[in-house]
Amino acid sequence: MKKITVYKTILVMLVITALVLATFIIKKYIEGNKIENNIQSVLQEIKKEKQSNPNQIDVIKEIDEEIEGYKVVGIINIPKINIEYPILEKTNKESLKLSITKFWGEKINQKGNVVLAGHNNLNNKMFGKIDRLENGDIIELTDSQMVTVKYQVFDKYVIDPNDIDCIFPIDENTREITLITCTNRDKNRLVVKAREII
């Protein structure tokens, strides 16, 4: 009789644990979809503004959007892996939950190296698929004035989280971008480097 009571207790605990875990997963999924929908909404608004005055060359248009208080300073588009996200002005724990962020460097598409950081999400959102990029693949960056520059991947490697050498440009006189995300269960960082196609 005691064995049956022990098994019932274990079964009840397992069911409760499974329910709590399922609730947590569903909550994360709903939050992730809400963030993704918000990001896509902001992207559509930016594109609509760009298309509203295509013949007005004398007016410099600037992106004037924010996501939860973080200014959008550009857009990253990687056709091969089908991702497009606004680039937020700052990198911190909260901004990384929302979109791709500018980690280091001057303005988007200026000479030198601009480093962008993003989460390696299991659902392949954000930078969850940049490990599929190869030398020769194209990355497009649109800056705050809606000018798009194409970059070509020339290197991909893994570093220690404390290694910051990748933030320095190879050549100060060229446009270069570096994408960084976590890999190996957050023990390392995956780095993808690209330079402007001239």
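Residues numbered from 1 in each chain as written. Predicted model: local features only at pLDDT ≥ 70, side-chain atom pairs only at ≥ 80, totals over all residues. Heavy atoms only, no water.

## With respect to the overall build of the protein chain
Move 1: Of the regular secondary structure elements, the protein chain holds two helices and nine strands.
Move 2: For the protein chain, the N- to C-terminal ordering of α and β elements is α-β-β-β-α-β-β-β-β-β-β.
Move 3: Over its C-alpha atoms the protein chain spans a radius of gyration of 21 Å, topping by over 25% the 16 Å that the globule rule assigns to 198 residues.
Move 4: Counting only C-alpha atoms, the protein chain reaches 85 × 40 × 25 Å along its principal axes.
Move 5: Counting all 198 residues of the protein chain, 35% fall into the buried class. (Helix = DSSP H or I, 4+ residues; strand = E, 2+ residues; numbered from the N terminus. Rg over C-alpha atoms; globule rule 2.2 N^0.38 Å. Buried < 20%, exposed > 50% of the residue type's maximum accessible area, 1.4 Å probe, protein only.)

## What to know about unusual backbone geometry
Move 1: Despite not being glycine, Asn109 shows a phi value in the positive range, around 70°.
Move 2: Along the chain, Asn109 turns up in the loop between strand E4 (100-104) and strand E5 (112-117).
Move 3: Backbone geometry places Met126, a non-glycine residue, at a positive phi of 55°.
Move 4: Overall, the relative accessible area of 4% leaves Met126 in the buried class.

## Considerations on a negative patch on the surface
Move 1: Judged by side-chain charge, Glu62, Asp64, Glu66 and Glu89 come together as a negatively charged surface patch.
Move 2: Mapped onto the elements, Glu62 comes out in the loop between helix H1 (2-52) and strand E1 (66-67).
Move 3: What makes Glu62 partly exposed here is its relative accessible area of 43%. (Patch = residues over 30% accessible without salt bridge, like charges linked within 9 Å, V, L, I, M, F, W, Y side chains within 5 Å. Areas by Shrake-Rupley, 256 points an atom, 1.4 Å probe, with all protein chains shown as cover. Salt bridge = Lys/Arg side-chain N within 4 Å of Asp/Glu carboxyl O. Lys, Arg positive; Asp, Glu negative; His and termini not counted. Charge placed at Lys NZ, Arg CZ, Asp CG, Glu CD.)

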